[in-house]
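Summary of structural features
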Amino acid sequence: MYLDGKIYMGLADGERVYMHLPMCNRHGLIAGASGTGKTVTMKCMAESFADAGVPVFFCDVKGDVSGIVQAGDQNEGMEKRIDKFGIREDFRYKPYSATFWDIYGENGHPVRATVSDMGPELISRILGLTEAQQGVLNILFKIADDRGLKLIDLKDLKAMIAYVGEHKEDYILTYGNIAQQSLGGILRALLPLETQGGDLFFGEPDLDIMDWIRWDINGNGMINLLDCVKLVNNPKLYSTFLLWMMAELFEKLPEAGDLDKPRLVFFFDEAHLLFSDAPSVLVQKIEQVVKLIRSKGVGIYFVTQSPGDIPNSILAQCSNRVQHALRAYTPAEQKVVKATAQAFRENPNFKAEDVITELGVGEALVSFLDEEGIPQIVQKTKIICPQSRMAPADPAVRSAAFMADGMTKYDVMIDSVSAYELIQDQKAKDEEAARLAAEREAFEKEKAEFEKQKQKEAEKAAKEAEKAAERAAREEQKKREREEAAARKRQEQLRNKLQTKAVNEGAKILRGLLKNALKG
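Residues numbered from 1 in each chain as written. Predicted model: local features only at pLDDT ≥ 70, side-chain atom pairs only at ≥ 80, totals over all residues. Heavy atoms only, no water.

1. Side note on the overall build of the protein chain
Each helix and strand counted, the protein chain has 14 helices and twelve strands in total. Taken over C-alpha atoms, the radius of gyration comes to 50 Å for the protein chain, far larger than the 24 Å a tight globule of 520 residues would show. The principal-axis extents of the C-alpha atoms in the protein chain amount to approximately 210 × 45 × 40 Å. Residues classed as buried in the protein chain amount to 46% of the 520 residues present. Total accessible area on the protein chain is roughly 26,400 Å²; 51% of this is exposed by carbon and sulfur atoms. Distance between charge centroids for the protein chain: 17 Å, based on 70 positive and 79 negative side chains. (Helix = DSSP H or I, 4+ residues; strand = E, 2+ residues; numbered from the N terminus. Rg over C-alpha atoms; globule rule 2.2 N^0.38 Å. Buried < 20%, exposed > 50% of the residue type's maximum accessible area, 1.4 Å probe, protein only. Areas by Shrake-Rupley, 256 points an atom, 1.4 Å probe, with all protein chains shown as cover. Lys, Arg positive; Asp, Glu negative; His and termini not counted. Charge placed at Lys NZ, Arg CZ, Asp CG, Glu CD.)

Here is the structure:
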């Protein structure tokens, strides 16, 4: 509960235990076995931050935090706790302003990022690409940037891979070698991400992370609830989202130094799911964020069953600690209890190692930073009760909050003109150009065949004409020869006739001479 500029977390030996807002960006840990009260502690903190004007972000893994949008249920047990904590005058059963988010868009507003925003480095890490594949992915992004091809969603990236694969010979001299095997490896690595919902996460409108830093009309910090019930079962996409979120926080939030209160507080419920089988790059990125983001005014709180669920490099940065009961039935569990107790600043009135296993529901060993940033001695504390509902929200109430939070601008995915569309358009143009070229080639071929056929026909006609002319000439020659022969024959006949006549005339004359001669 937010009181007097501090966060009232509970009672220890009749004394109030507070968190000091200027120290709340030093991060924290809420740990304890299942059913010991971690969720109550987390909700009490979140409500207090919201009342103090600090926006809050939840990764709601179990789906039971949604009741924060409804007032708590008044009952006898709650009334007794209110009196026990001495907050009768200040306590109000009340709802909190919340915005629901869901990467799948099923139980909240979709959360999206563009492929370009993610960048080749983060995508390479998420996909676990080899050095050679990462180099090729960098080339893909560079070519896309140089050609003005926006990489927004996964179909853009896949289209770019196919495009570069088809035209790699055009780019090798400018950008370097582009191995077909590397392109295929990137495509294979994209498949798990796509099947887990990457096609929903990558797209537009992309989330402006500053929309997580908002306040309601009363000046209270807005509580953002990311539904992770389905998401945590898809580790590749969960890792993708978290890496993007970390990168966005670093890029968008300016350095702030020491503030009077955090600018934003994150709660990662069931944090063991965050680190179980997580890629090393994700752990490294979270470690980097935890170490450096304090200066940007952001506090991160991990909620898990055992401190051993958190890597030591990250656990060391968690200065505000709430340790609920742990079980120690095995040697390994006993070892964890001992290590957990040793992490606290010792209280001379009890031995933390013994108390951890004896804590009741709603009790915890607590150590927060004081106003000077020094860890306080560990105190056995009864945790205060939340003011909102300790159960999932009614569907009608959740829907009303969903419609009234002002974030409906993210609900409809926009399919902008990007690399996929431009490549498809260029491909269509290339195919049309190829079709026209093929048609021109076919036309030219047909034209050539026609001209060839026409030439053949002309040559054939010329030959036939030549043959006809030759036949006509031969006929004419024969005709002349016949006429000449006929003329010669007539001449011969005439000559013979003349000769015969001459002979006859000569003979007649000779007979006459002979006759005269005989008479004389």
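So much for the structure itself; the text now carries on.
2. Remarks on empty space enclosed by the protein
Across all of its chains, the model carries two cavities of 30 Å³ or more by this definition. Around the largest cavity, the lining residues are I152, D153, G203, E204, M413, I414, D415, S416 and S418. Residues of the lining of the largest cavity, tallied by class, amount to three nonpolar, three polar and three charged. Around the second largest cavity, the lining residues are M1, C44, E47, S48, C385, P386 and Q387. Split into classes, the residues belonging to the lining of the second largest cavity amount to four nonpolar, two polar and one charged. (1 Å grid on protein atoms, 1.4 Å probe; cavity = no way out; pocket = protein on both sides within 12 Å on 5 of 7 lines; lining within 4 Å. Points joined across faces, edges and corners; volume = space filled by probe spheres on them. Nonpolar A, V, L, I, M, F, W, Y, C, P; charged D, E, K, R; others polar.)

3. Topic: the side chain of S124
Along the chain, the position of S124 falls in helix 3 (residues 115-127). By relative accessible area, S124 is classed as buried at 4%. Polar side-chain contacts of S124 include one of 2.6 Å to the backbone oxygen of P120. In contact with S124, other than residues within four places in its own chain, are L129, Q134 and L137. (Polar contact = N/O pair within 3.5 Å; in protein donor to acceptor, adjacent residues only side chain to side chain. Contact = heavy atoms within 4.5 Å.)

4. Observations concerning the packing of aromatic side chains
Scanning the model with the defined rule gives 21 aromatic pairs in all. For the pair F49 and Y301, a centre-to-centre distance of 6.1 Å together with 55 degrees between the ring planes defines the contact as tilted. Residue F49 is located in helix 1 (residues 38-51), and its partner Y301 is located in strand 9 (residues 298-304); the two are separated by 252 residues in the primary sequence. Taken as a pair, F49 and Y301 share a single burial class, namely buried. With a centroid separation of 6.5 Å and 65 degrees between ring planes, the pair formed by W212 and F241 is classed as edge-to-face. With W212 in the loop between helix 6 (180-201) and strand 7 (223-227) and F241 in helix 7 (residues 235-252), this pair connects stretches of sequence that are 29 residues apart. Residue class for W212 comes out buried when judged on its relative accessible area of 0%. Accessibility expressed as a relative area gives 0% for F241, which makes it buried. (Phe/Tyr/Trp six-rings, centres within 6.5 Å; stacked < 30°, edge-to-face > 60°.)

5. Side note on a positive patch on the surface
Together, K463, K467, R471, R474, K478, K479 and R482 line one region of the surface with positive charge. For R471, the position within the fold is in helix 14 (residues 419-519). On the basis of relative accessible area, R471 is assigned to the partly exposed category, the value being 44%. (Patch = residues over 30% accessible without salt bridge, like charges linked within 9 Å, V, L, I, M, F, W, Y side chains within 5 Å. Salt bridge = Lys/Arg side-chain N within 4 Å of Asp/Glu carboxyl O.)

6. Side note on helix 4 (residues 131-146)
Structurally, the α-helix is built with 3.6 residues per turn, so residues lying three or four positions apart point the same way. Over its 16 residues, helix 4 extends 23 Å from the first C-alpha to the last, a length consistent with the 22 Å expected when each residue adds 1.5 Å. What helix 4 keeps buried is the set Q133, V136, L137, I139, L140, F141, I143 and A144. On its buried face, helix 4 is in contact with helix 3, helix 5 (154-175) and helix 6. G148 occupies a position one or two residues after helix 4 and carries a positive phi of about 70 degrees. (Expected span 1.5 Å × (residues − 1).)

7. Section: the side chain of Q387
One can find Q387 in the loop between strand 12 (379-383) and helix 13 (395-404). A distance of 3.0 Å separates the side chain of Q387 from the backbone oxygen of R92, its partner in a polar contact. Contacts of Q387, omitting those with residues within four sequence positions, involve M1, E47, D51, A71, G72, D90, F91, R92, Y93, K94 and Y96.

8. Section: the nonpolar core
By size, the foremost hydrophobic cluster in this structure holds 84 residues, and its most contacted members are F241, M245 and F302. Residue contributions to this core peak at ten residues, all from helix 7. For F302, the residues in contact, after removing those within four places along its chain, are G28, L29, I30, F268, A271, L274, F275, I286, V290, I310, I314 and C318. Core analysis: the second largest hydrophobic core is formed by 36 residues, I7, M9, I30 and M45 among them. (Core = buried A, V, L, I, M, F, W, Y, C linked by side-chain atoms within 4.5 Å.)

9. Side note on a nonpolar patch on the surface
A grouping of I509, L510, L513 and L514 is seen on the molecular surface, where their side chains present a nonpolar patch of about 410 Å² in accessible area. Mapped onto the elements of the fold, I509 is located in helix 14.

10. Observations concerning the packing of helix 4 against helix 6
Between helix 4 and helix 6, the shortest axis-to-axis distance is 9 Å and the interhelical angle comes to 90 degrees. The pairing of helix 4 with helix 6 is recorded here as roughly perpendicular in orientation. Across the interface between the two elements, A132, Q133, V136, L137 and L140 of helix 4 pack against S182, L183, G185 and I186 of helix 6. Classifying every residue of the contact of helix 4 with helix 6 by side-chain character gives six nonpolar, three polar and no charged. (Axes fitted to C-alpha atoms, helices over the stretch in contact; angles between N-to-C directions. Parallel < 35°, antiparallel > 145°, perpendicular 65-115°, else oblique.)

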